[in-house]
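Structural description and commentary
Residue-level listing of the chains:
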Amino acid sequence: MFVLGSNAASTAQYNIEQSLRFRSSASPYLQHTPSSNGSRYTSTISCWVKLADARNDNYHYIFEQGGDVNNRVFLLTWEKGTAYPEKMMWGMTVSGTAYYIFTNKQFRDPTAWYHVVAVLDTTNATTADRLRLYINGERQTDLAFDNTSSIPTNPLTRMNTNWIRRIGNQSYADANQMEGYIADFQIIDGQALTADDFGEYDETYNTWRPKKYTGSYGTNGIHLDFADNTSTTTIGYDVSGNGHNFTSSGISLTSGYTYDWVKDVPLPVDEDTGNFFTMHPLWKSSNSTTTDGNLRAQSTGGVNHTQLASHTWQQGKWYIEIYVVNGSDSDMIGIQRYIEFTGSYTNSYRLDTASQYGAGLYRNGEVYTSTGATACTASFTTGDTVMMAIDITGDKVWWGVNGTWGNLGGAGVGDPANGTNPHFTNIVSEYDGNMFGISDGSSGSNYDLAINFGQQPYTYTPPSGFKKCNSFNVEDSRNGTNTSEILSGKNTFDIKTWTGNGTSQDITGLSFQPDLVFIKNLGVSRYWRVQDSVRGATGTDTMLYTNSNSNAANYSTAITSFNSDGVSLGNEVGVNESGQNFVGYFWKAGEGTTSSNTDGTITSTVSTCDDNTGVSISKYIGNGTAGATFGHGLNSTYSYPPISFIKDLDASVNWAIQHRNATSSYYIPMPLGQRTNDSTVWNGLNSTATVMRLGTSSLTNTNTNNYIGYHWSFDGIKTYYYRGSGTDNGQTFVPCNFKPAMVWIKPRDNTTQWYVWDNGQNTNNPRNTFHYLDLTNTPNTSGADIDFLSNGFVIKNTAADDNTDGTIYLFVAFKDTHAKYALAG
């Protein structure tokens with residue numbers, strides 16, 4: 001098999017093909033007591049973990065060995081509200097004295113998997129190396145707490161001893177159980193290894209992937225692959241060769257919604273095996289809960305409790321089963337276009353069936369849409385299984401119950417396999433995607449539903465052509481044919497940080513020759529520097545500033561050349577001031593090549609990357625004529641480029657930004673501009689797939705003036721808008737279908753600056769260091785945390801500039817890794 005799907009570039013060394021679900025309500029664990037001691041000083045744990053409780057309302061023990069609180073070795077994530085909320089702890093207690101490390105990284109991405117490697121090495125001469133943690137291949141050196149320096153020489157720990165050891169629970173008490181999923185659990189007795197022994201970086205897909213461990217396991221080492229689901233005894237079999245089989249408790253192999261042997265795994269393997277959708281524990285109303293590995297959804301009290309799935313669809317055919325555990329007479333099961341779901345609407349946190357982009361099946365069998373309720377022969381009650389078939393590409397949805405598809409309004413029985421008699425249409429969305437959702441619909445009503453996206457055995461056979469909701473089955477591009485989108489985001493965009501030396505230096509390591517570069521001095525308050533290959537590295541009009549409306553300046557000591565894998569810098573203080581830290585954003589366009597574009601009435605000079613995944617740079621001369629056009633170079637497969645920046649090189653006027661939520665008669669001025677109504681900027685018309693339209697505004701079309709345009713295409717970025725929730729508990733989640741490398745946010749209708757978060761300054765959640773695209777300020781670290789998830793980002797603050805309830809915010813997110821292959825943030 002291919003570890004990354006059928007179109008992967010090379011065969012996998014190692015596939016993980018199953019996991020166990022740990023439902024904390026069932027007090028689950030796997031347990032074993034060795035018969036003798038192994039190494040009490042040195043050991044390595046490797047496992048893959050998908051956390052379900054994203055708000056971390058409890059401690060979650062991944063592993064513990066030892067018989068009492070004073071003598072044990074433990075690996076867990078901490079409870080929210082504690083000293084180290086949602087952070088991972090790796091440590092031990094020896095005769096009542098605790099030694100441990102805490103990550104600064106917070107573990108609250110419920111959409112994908114983490115690879116965890118924990119190393120115990122108490123004989124190491126370097127005290128900082130005696131306890132080590134690796135997450136997704138990277139050693140965690142940014143620690144919130146570390147007292148390893150006080151570990152005495154060779155303490156006798158309980159690791160690898162003849163004391164009880166448990167996976168998913170505490171060893172000395174049935175408490176603080178794991179809530180989520182664990183796969184491929186290994187212990188190496190007697191060796192201090194690294195993450196590279198169990199995984200490897202896949203450059204093609206920009207992801208960390210499993211690798212088969214080929215070394216010795218030692219006396220009490222184990223390898224639990226959970227491959228044998230014959231019984232609850234065999235699921236804990238040790239395949240290391242040591243025969244240290246674990247017994248299970250609280251793990252169910254009984255068919256139905258409690259079935260815990262699942263095909264949810266870190267990376268796509270086959271059509272049945274991959275990272276599966278679940279319900280999203282963040283993306284829901286406050287009085288709704290997700291349990292059982294986020295596959296059970298419940299609500300209590302009040303009205304309009306909605307929960308949404310962890311991922312959105314852009315295309316394809318999908319099948320879901322929903323088991324009705326309990327609830328009221330007004331459960332609603334349906335589909336929702338993302339942008340229509342907001343906390344500011346009358347139907348707050350409810351499937352918005354009042355709009356044309358949402359629909360739901362009521363328990364009484366009525367299908368609710370914007371046109372009202374229509375009777376359907378698909379009523380359901382406690383104990384029933386609701387079927388849902390969703391054809392995004394064909395723009396159709398069907399519901400059925402207990403193996404029979406419904407008949408809507410007497411129009412005929414629905415037939416998803418043949419595409420006939422659908423129960424809802426109008427779900428196609430070019431920009432924002434659709435998601436599965438559930439809600440109640442009347443005051444005081446509640447729901448209790450178990451959702452199966454295909455990670456468990458289905459009760460009924462899906463209609464032909466409809467797939468399970470996992471990463472393998474997600475198409476690599478919106479139309480299912482473009483394979484360029486599956487490539488790493490690093491092939492067209494990357495971030496670098498460096499320290500200035502005040503003379504000259506080369507910034508290297510990119511996988512492309514850059515054409516557009518934004519640079520910010522992080523140490524002192526200085527202008528942004530913007531250069532591109534179309535205007536050239538040195539010479540006339542080479543420099544612009546995103547924080548200023550100044551015309552282009554002549555620089556010869558900033559970027560001195562665009563190279564095959566980076567840039568050369570001179571001694572200019574904005575890019576290389578001695579002792580100061582810098583961040584640079586690098587985009588690929590034509591890798592130094594340009595062409596003449598005659599698509600518009602004005603001939604432009606363009607440098608263009610791939611039509612779908614990159615950026616184009618265009619230079620043109622204005623003619624002052626309303627209705628003029630110029631070719632932007634993207635030839636986008638979408639209706640128009642998602643976002644364009646235009647700047648007059650010859651005059652001190654603002655940048656003009658065309659954003660899909662502020663287009664036509666509107667533009668966004670920069671710096672510090674709000675959406676402004678001025679039809680002379682774009683002549684009152686959107687751009688098209690090939691050209692930008694111009695009016696007579698000096699911002700875009702002064703006669704004989706030179707202009708530069710930067711245009712970002714659809715698949716390399718996600719740019720649209722969201723409405724704030726005013727909460728910091730994750731309700732403001734923005735799906736992107738990729739893990740971001742950088743996010744820009746600004747309120748659409750006020751003059752607040754653009755906020756910037758990036759992977760260069762924050763590699764782990766929370767991303768709490770940010771700066772401003774249109775200010776000279778140094779970075780800020782207070783009050784505006786966000787998290788990068790495997791498939792989008794979530795706002796973890798209530799700041800007015802990115803999360804006021806009901807306020808519309810524009811965002812631009814640049815891709816790091818496609819959600820098909822991304823691990824948890």
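Residues numbered from 1 in each chain as written. Predicted model: local features only at pLDDT ≥ 70, side-chain atom pairs only at ≥ 80, totals over all residues. Heavy atoms only, no water.

This paragraph deals with the overall build of the chain. Along the backbone of the chain there are three helices and 58 strands. The globule rule puts the C-alpha radius of gyration for 825 residues at 28 Å, and the 28 Å found for the chain is close to it. When the backbone C-alpha atoms are referred to their principal axes, the chain occupies close to 85 × 75 × 45 Å. The burial tally for the chain puts 63% of its 825 residues in the buried class. Counting contacts in the chain only where the partners sit at least 6 residues apart, residues at least 24 apart contribute 68% of the total. When the accessible area of the chain is evaluated, it comes to approximately 25,000 Å², of which 42% is carbon and sulfur surface. (Helix = DSSP H or I, 4+ residues; strand = E, 2+ residues; numbered from the N terminus. Rg over C-alpha atoms; globule rule 2.2 N^0.38 Å. Buried < 20%, exposed > 50% of the residue type's maximum accessible area, 1.4 Å probe, protein only. Contact = heavy atoms within 4.5 Å. Areas by Shrake-Rupley, 256 points an atom, 1.4 Å probe, with all protein chains shown as cover.)

Right, let's talk about the sheet that holds strand β4 (residues 60-68) for a bit. As summarised here, the arrangement of the eight strands in space is β11-β7-β6-β5-β4-β12-β2-β17, forming an open sheet in which the pairing is antiparallel. Taken across any chain shown, the strands that pair with only one partner, and hence form the sheet edges, are β11 (143-146) and β17 (247-249). Each strand of the sheet is rotated relative to its neighbour by a mean of 15°, with strand direction disregarded. Relative to strand β7 (residues 97-106), strand β6 (residues 87-94) runs antiparallel, the two sharing seven bridges. (Pairing = 2+ DSSP bridges. Axes fitted to C-alpha atoms, helices over the stretch in contact; angles between N-to-C directions.)

With that out of the way, let us pick up the pairing of strand β8 (residues 114-121). Counting buried residues along β8, eight of its eight residues qualify, which places the element largely inside the surrounding structure. What you see with β8 is no split at all: Y114, V116, A118 and L120 on one side and H115, V117, V119 and D121 on the other are buried throughout. Sheet analysis places strand β3 (residues 42-51) next to β8, joined by eight bridges and oriented antiparallel. From the neighbouring strand, T44 faces β8, where its bridge partner is V119. Taken together, the five bridges between β8 and strand β9 (residues 131-135) define a ladder with antiparallel strand orientation. When the sheet's bridge partners are listed, V119 is paired in β9 with R132.

Before going further, it helps to spend a moment on the packing of aromatic side chains. In total, this model carries 54 aromatic pairs according to the counting rule given. Look at W78 and F102: their rings are 4.8 Å apart centre to centre, the planes differ by 85°, and that puts the pair in the edge-to-face class. Note that W78 is positioned in the loop between β5 (71-77) and β6 and F102 in strand β7, a separation of 24 residues in sequence. Across this residue pair, the class does not change: W78 and F102 are buried. Judged by centre distance (5.5 Å) and plane angle (85°), the ring pair of Y100 and F102 falls under edge-to-face. Under the relative-accessibility criterion, Y100 is labelled buried at 18%. Aromatic ring contacts, followed pair by pair, group F493, F518, W587, F645, W655, Y710, W712, W744 and F814 into a single cluster. The ring of Y29 carries R166 above its face, with NZ or CZ at 3.9 Å from the centroid. (Phe/Tyr/Trp six-rings, centres within 6.5 Å; stacked < 30°, edge-to-face > 60°. Lys NZ or Arg CZ within 6 Å of the ring centre and 35° of its normal.)

Looking at the chain as a whole, its pLDDT mean stands at 91, while 92% of the residues score no less than 70. Segment residues 1-12: pLDDT under 50, and 35 contacts once partners within four positions in sequence are set aside and those in other chains are kept. Predicted confidence is poor over residues 477-484, with pLDDT under 50, and the contacts of this stretch with residues over four places away or in other chains come to 19 contacts. (pLDDT = per-residue confidence, 0-100.)

Bringing the pattern of salt bridges into the picture now. On inspection of all chains with the given rule, the structure shows 20 salt bridges. Where D264 meets K50, a salt bridge forms, and the shortest distance between an N and an O atom there is 2.8 Å. One end of the pair, D264, is in the loop between β18 (261-262) and β19 (279-284); the other, K50, is in strand β3, and 214 residues separate them in sequence. As far as burial versus exposure is concerned, D264 and K50 are alike and both buried. (Salt bridge = Lys/Arg side-chain N within 4 Å of Asp/Glu carboxyl O.)

Attention now goes to the nonpolar core. Membership of the largest hydrophobic core comes to 68 residues, with the highest contact counts inside it found for W587, W712, W744 and F793. Here this core takes seven residues from strand β58 (residues 808-818), the largest share from any one element. Among residues more than four places away in sequence, those in contact with W744 are F518, W587, F645, W712, W754, Y755, V756, L773, L810, F811, V812 and F814. By size, the runner-up hydrophobic cluster in this structure holds 59 residues, among which are W48, I335, V397 and F453. (Core = buried A, V, L, I, M, F, W, Y, C linked by side-chain atoms within 4.5 Å.)

Here we come to the sheet that holds strand β53 (residues 738-747). Spatially, five strands are ordered β51-β58-β53-β54-β55 in an open sheet, and the strand pairing comes out antiparallel. Either end of the sheet is taken by a strand with one partner, and the two such strands are β51 (717-723) and β55 (771-772). Where β53 lies against β58, nine bridges are found, and the strand directions are antiparallel. For V743, the partnering residue across the bridge sits in β58 and is A813.

Below, the discussion takes up the side chain of R158. Topologically, R158 is positioned in the loop between β11 and β12 (165-167). Since its relative accessible area comes to 11%, R158 is described here as buried. There is a polar contact of 3.4 Å between the side chain of R158 and the backbone oxygen of N71. Excluding residues that lie within four positions of it along the chain, R158 makes contacts with Q65, G66, G67, D68, N71, R72, V73 and W163. (Polar contact = N/O pair within 3.5 Å; in protein donor to acceptor, adjacent residues only side chain to side chain.)

Now for the environment of F582. Position of F582 among the secondary structure elements: in strand β40 (residues 581-587). For F582, a relative accessible area of 1% corresponds to the buried category. With 61 residues separating them along the chain, F582 and N521 place their C-alpha atoms 4.7 Å apart.

The next subject is the environment of F380. In this structure, F380 sits in the loop between β27 (372-375) and β28 (385-391). Classification of F380 by relative accessible area gives buried; the value is 4%. Between the C-alpha atom of F380 and that of L361, which follows or precedes it by 19 residues, the distance is 9.5 Å.

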